Each structure stands twice: as structure tokens, then as C-alpha cells.
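Structural description and commentary
Read off the chains here:
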There are 2 protein chains.
Amino acid sequence: MLTVPLCSSLCSRLFFCSCPSSRSLPKVVKRRVNALKNLQVKCAHIEAKFYEEVHELERKYAALYQPLFDKRSDIVKAAYEPTDEECEWKADEEEELTDEMKEKAKLEEEKKDEEKEDPKGIPEFWLTVFKNVDLLSDMLQEHDEPILKHLQDIKVKFSDPGQPMSFTLEFHFEPNDFFTNTVLTKTYKMRSEPDESDPFSFDGPEIMSCTGCTIDWTKGKNVTLKTIKKKQKHKGRGTVRTVTKTVPNDSFFNFFTPPEVPENGELDEDSEAVLAADFEIGHFIRERIVPRAVLYFTGEAIEDDDDDYDEEGEEADDEEGEEEADEENDADYDPKKDAAPPAECKQQ
Amino acid sequence: MLTVPLCSSLCSRLFFCSCPSSRSLPKVVKRRVNALKNLQVKCAHIEAKFYEEVHELERKYAALYQPLFDKRSDIVKAAYEPTDEECEWKADEEEELTDEMKEKAKLEEEKKDEEKEDPKGIPEFWLTVFKNVDLLSDMLQEHDEPILKHLQDIKVKFSDPGQPMSFTLEFHFEPNDFFTNTVLTKTYKMRSEPDESDPFSFDGPEIMSCTGCTIDWTKGKNVTLKTIKKKQKHKGRGTVRTVTKTVPNDSFFNFFTPPEVPENGELDEDSEAVLAADFEIGHFIRERIVPRAVLYFTGEAIEDDDDDYDEEGEEADDEEGEEEADEENDADYDPKKDAAPPAECKQQ
């Protein structure tokens, strides 16, 4: 077989690689494979339409979720006090606690109640969500925390029908000492069509670019800047002086000033990495955080991810019997294959 | 803070764990969190309806793809010879080859043409797909290959509207010496509703069970069975005799006899692992293999998966400047955090 760059660089098990390079196929077959590839391009365009319809569905369902999210927001910010009926929740693990533990828990609870007399709504709800999600807590600096205590809601707004596909994350803040905005926004533009030059890479809508917003910081409160003192040595005289410079500072709030994608679409490697991470975060906030914030607040959403891991791990172990086998149906029986039976056949 | 089983066992970074156990919250706040959890259950039920509508959309689009898949099948099994226009494909990487390589490729091609004079359709199309996909090649035994050469198409059939959600994989074979069936089937039953006892784990339709079909093997051709010789020692006399036994044999065709889920839904650990792997395979065939078989035949679909990996890897490296920083805005500045700036803020 000829060495083919595409195939040889990609198959993880080169020895058994059976990717038929188009050149290793008879001409008449290669022709037919090209016909299948043209059919595949048509499939990609149908798939793009499918995802557009899914986006419409998402818009439709966003309107159905909204009253529930609004109620959540009202409870968090103490605009609404839920009724006893709304607060009923099936007995949790407390039942299994010993009397001693119950007593301890009760004391703890009373202490908390004393500490924060009459807390309003659910204090630090969104800040706690941010802290519990690795993807977000990685962006969080200590100086961001007092600001995020004022975050009252995150909303997702979809683009209108007929408009280019996009969504906006709205971060709603209560009045605070840090900036005068009440809403900070981040908009993600998407594309749901196969790239002409590479139609097979299409796999649903992609985020193409994002834009932030201007934060109107109160004087001296801008955590995205810091002043540094830098020593400068005079070339001739050798004397040293100290200059003060304002430079960017790590902060979650840099999320609202992402690197711009230039007209030609070309980005340096670093900006590309920043944007890749940014798109991932935007997508995650839209898909997971906003729809199930309370589960990230309590930690219950984190549990699910762990469960998934365990299940996958279980498939790894297999044991073999000690029977002497005599293959009847297959002359080319390969004992190595038997040593690691595929999970599928293990129990047959 | 009280030690809470749920939270403490799940948060990866215990020291910074800020999951507020329901017991560590003031009673009035805990009440409100319960109200949010009740809203979240309502969200899960709306989400279930969303996925039902997505399933309807999938059914609708399956009908749009089908003519393209039928044409693919006709080309593969030589029922249709595509026209020159249908076989036109933009110049591929051959342009970049040296003359020497081109000559070699040409010779190779001619040799192939001689070897298989007038090949029909695209020989071993589906067998090659199986070999190129790790998840499937892991199930494949050498004795399965001559059989899978006769596989001509895999179709996905969705359940009718109003029926319980399910899909059937149909494996269409040309007449062969191994079994008399022309179609082997595997049906996956799905569920798109939150589990009453654990509504928060709902994350879209799940495969709940699967059923295979009976394969009518020609005498002596059943690769899912093998005979073994076993030595038995007589307890009293100590004499040894050899007995012949028929036992299960590893084979892809065990895919059509998955372990049954008993009425009570309880499974032993091994059967559970086999079914978990089976569901993953069924899902993968439906979602990836059938919609883009030609890309797994040529190896182009494998490229995409690799690309994904590289992108994730890129985010890991970061460098720090050597400036002396003087924090202005934050008294509690933590130098450890600065040592590993979040990817998001790196370039700001």
C-alpha cells in the first residue's frame, strides 16, 4: 500500500490500518467513492437545515422556560417569597443521621440563623454557582467576588427568527459600587452551514465570533486594570528610576472584552486559544448553567458528571475462563484476540 | 461547615469547596432553595417535551436523507453506476505529489486494476467502515470478516409518531453461505422523561433496552459458537477423559443477542457493562456511521475526531511576564492565582 498522508497520520493503529487511500483503489471504484462523497456533501446541507430547525425549537422552548427562570430570579433576589407548598421537598438524607449528628446539625443551623439574621432571598447565589463550576472558577479572581455578589440573574436571549443565528448572555446586576451598568452582555454569533472548502467537517452550528460590552467602572474600581511599578535603567548614566504603568489585570470581567476577530478572520495563536476557551465558556453558560443553576448551587449537577465517569470505567476489566479451546469454524483463529474479548461478547 | 456526604465526596477541590450543603444554610434560605429545586423539576419535564419534538424532527429529516442513502446503497452494491458528473470531485492532494510518486501511484493503480478486473460497486465497503472505527473493530473477529463482506447497507428506522420512542438498525445482506436472513435487526427502546425518583439526572432521551433477532445460520457456519475439548478427572479412580462441549464464541454477530433485561429491571454487573457498551455502539452507528459512512470508509471522519483532541490540548500552556506587580484595587491579592492565569484573561 502506498503511504498516504491523510490516512497514515490519522489511524491510531497503523499496523491494521485499512483506510483505503483513494489512490490504492481501482479507478472505477475511486470514481464511485467520489460519487458517494458528493452525496455526503448534500447530506451536510440537509443537516444544516435540521440544525436551523432545532434552533427554532430552542427559541420556542426558551419562551416556555422563561416564566420558571423569572420566578427563580425573583426568589434569588427576594422579590418573591415562595409559599410553603412551593418549598416542600421530599425528605433528604437527614433521615439517616444519628441523633448526635442531628443535634450538631441543629446547633449549626441555629448558629447560622443568628449570624445572618433574616437573609434576603438566596445570598451569593450566582457567585456560589461560579465557584462550583471549574470552568468558571478558573476565571475568578478574589477581587471579582465582591462584585459577583451583586449578580442577580443570567439570561439567554436568542436572535429573532430570520436573523443570523446568535445568542446573547445577559448578566443582570443589582445597583453596586463597582460599575453603573445594570446589565452586562456577551453576544455569540453562530453559523449553521457547511464550509465550502471543507463540507465534511460540519457537525452542527458553531460559534464564529463574540462581542462584549463596555463596563462603566466607578473611579478606582476597575479590577481589569492594575498599576505596576517598573524599574528603568538609564542607558548612559546607569541610574535607576521607578515608573508607574497601568496594565491589564486578571479578572472574570475580561470576559466582556474578548479579542476582536479581524476582517480577514486571521488570528494569532494566543487570541485563537483565548477565543476557543471563551466560546466553550459561553456555550457552557447557555447550555448548562442557565438551565440548571440551582443544581450547580447545591452541587447536585456536579454529581451527575462523576457518575458518568464511573460507568465508563467499569467496562475495562475482563476475566477469562481456563478452558482449552478448539476452534471449529475458523481456521485462522487468533488466540491474541481471545485474550481480550470485546465487551460486547463477554457474556454470550 | 458540617461534613456533608453529597458535597464532600464530589467536589474535586475539597479545600475550596463552596457547595452549600442544605444544612449549612439558614432555614429560610434552605426553604427558598427547595422552591428553586421544584422549579427545576418543572424545567426537566419541559426539556423532555423538547427532546420529543427533536425526535419528531429527526424522523422528518430521516425521510429527507433517505433518497441519498438509497443512492449510496445502490452505488455500493452495483445496482447503479454513477454518471461522470456525479463522480466529479475537486482535485485532491495528488497535485502536490512529485513526479516519481505519481509514477509509483500510477503503477500501483494499474496493478490494482489488473488484480480485480471490473470490480462491482464498492467492494467491502461496510467491512472497511467497521475496520476503521475502533468501537466496531474491537468487536470484529477474523471469522466475522468473510460474512461482513456481504453486508450491503445499514438503515436506521425510527418508531412511528405516537409510538414509544425507539429506533431499529437494519443490517441488509446479499445472499450468502452463512445464514439465510437478508436483514438482521437490532431495536433500541428509548425513554424521554425524567425519572420520578431522580428528576435532575435527566439529560435527554436515553436508551433503555434493546432486542436483537434470530440468525438462521447455515449448518456449521455459526461463528457465535465454538466446540471445545475439556479434560475431566474421575473423582474416585483418577482417570482422565476428554469431553466435547459447545460454548459461546467471540463474534460481532453476538451483537444480535444482547443480554435480556429482566422484568424487575435488575441486572448483574457484567450484563450491565455489556449493555452499556451495546447502547454506546447502537447510538454511534445511528448517529455517526449511517449518516456519514463514506467518511469512515475513506478515513476522513477519523480526522475530525483527532482535530478535536488537539484543540483541547492547546489551552494548557501559559507563560508569565516578568513584571513586578503592585496590586492597587485588591488588598487580598493572592500571588498563587496570578501564577496560573485563566486562559480567558491571558491575552488581555
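Below: a short report on this structure. (Residues numbered from 1 in each chain as written. Chains lettered and ligands numbered in written order. Predicted model: local features only at pLDDT ≥ 70, side-chain atom pairs only at ≥ 80, totals over all residues. Heavy atoms only, no water.)

1. As for the pairing of strand β6 (residues 240–248) of chain A
Residues and elements named next belong to chain A. Just so we agree on the cut-off: For two strands to be treated as a pair, DSSP must find no fewer than two bridges joining them. Secondary structure elements follow DSSP: runs of H or I no shorter than four residues count as helices, runs of E no shorter than two count as strands, and numbering proceeds from the N terminus.
Pairing analysis gives nine bridges linking strand β5 (residues 225–233) to β6, with the strands arranged antiparallel. Each residue of the ladder has a partner; that of Lys-230, found in β6, is Val-243. As consecutive antiparallel partners, β5 and β6 are separated by six residues, and within that stretch Gly-238 has a phi angle of approximately 80°, a positive value.

2. As for the packing of aromatic side chains
Filter applied, for reference: The pairing test for Phe, Tyr and Trp rings, Trp by its six-membered ring, is centres within 6.5 Å, and the orientation test on the planes gives stacked under 30 degrees, edge-to-face over 60, and tilted for anything in between. Comment: the charge-over-ring label is applied if NZ (Lys) or CZ (Arg) is within 6 Å of the ring centre and within 35 degrees of the ring normal.
For the structure shown, the criterion picks out 48 aromatic pairs over all chains. Judged by centre distance (6.1 Å) and plane angle (80°), the ring pair of Phe-171 of chain B and Phe-255 of chain B falls under edge-to-face. Taken together, the positions of Phe-171 of chain B in strand β2 (residues 166–173) and Phe-255 of chain B in the loop between β6 (240–248) and α7 (269–289) put the pair 84 residues apart, joining distant regions of the chain. Clustering of aromatic rings is evident, with ring pairs tying together Phe-130, Phe-171, Phe-173, Phe-179, Trp-217, Phe-252, Phe-253, Phe-255 and Phe-256 of chain A. Lying across the ring of Phe-255 of chain B, Lys-186 of chain B places its NZ or CZ 3.4 Å from the centre. Positioned above the aromatic ring of Phe-167 of chain B is the side chain of Arg-286 of chain B, whose terminal nitrogen or guanidinium carbon lies 5.0 Å from the ring centre.

3. Notes on the sheet that holds strand β4 (residues 206–211) of chain B
Residue and element names in this part refer to chain B. Which entries qualify depends on this criterion: Between the N-to-C directions of two axes lies an angle of 0 to 180 degrees, each axis being a line fitted to C-alpha atoms and, for a helix, fitted only over the stretch in contact. Any two residues having at least one pair of non-hydrogen atoms within 4.5 Å are treated as being in contact.
Spatial ordering of the open sheet is given by β1-β2-β3-β4, a layout of four strands whose pairing is antiparallel. A single partner strand is all that each edge strand has here, and the edge strands are β1 (151–158) and β4. Strand-to-strand twist in this sheet, taken as the mean axis angle between neighbours without regard to direction, amounts to 20°. Where strand β3 (residues 183–191) lies against β4, five bridges are found, and the strand directions are antiparallel. Bridging from a neighbouring strand, Arg-191 pairs with Glu-206 of β4. Contacting β1 and β2, helix α4 (residues 125–132) runs over the sheet at an angle of about 70° to β1. Of the strands in this sheet, β1, β2, β3 and β4 touch α7, which is tilted by about 100° from β4.

4. Section: unusual backbone geometry
All names here are of chain A. For clarity, the threshold we go by: Working definition: with a 1.4 Å probe on protein chains only, accessible area under 20% of the residue-type maximum means buried, over 50% means exposed, and in between means partly exposed.
Phi is positive for Ala-78, close to 65°, though the residue is something other than glycine. By the secondary structure assignment, Ala-78 is in the loop between α2 (27–76) and α3 (99–115). The partly exposed category is assigned to Ala-78, whose relative accessible area is 37%. Phi is positive for Glu-124, close to 55°, though the residue is something other than glycine. Inspection of the secondary structure assignment puts Glu-124 in the loop between α3 and α4 (125–132). Judged by its relative accessible area of 32%, Glu-124 is partly exposed.

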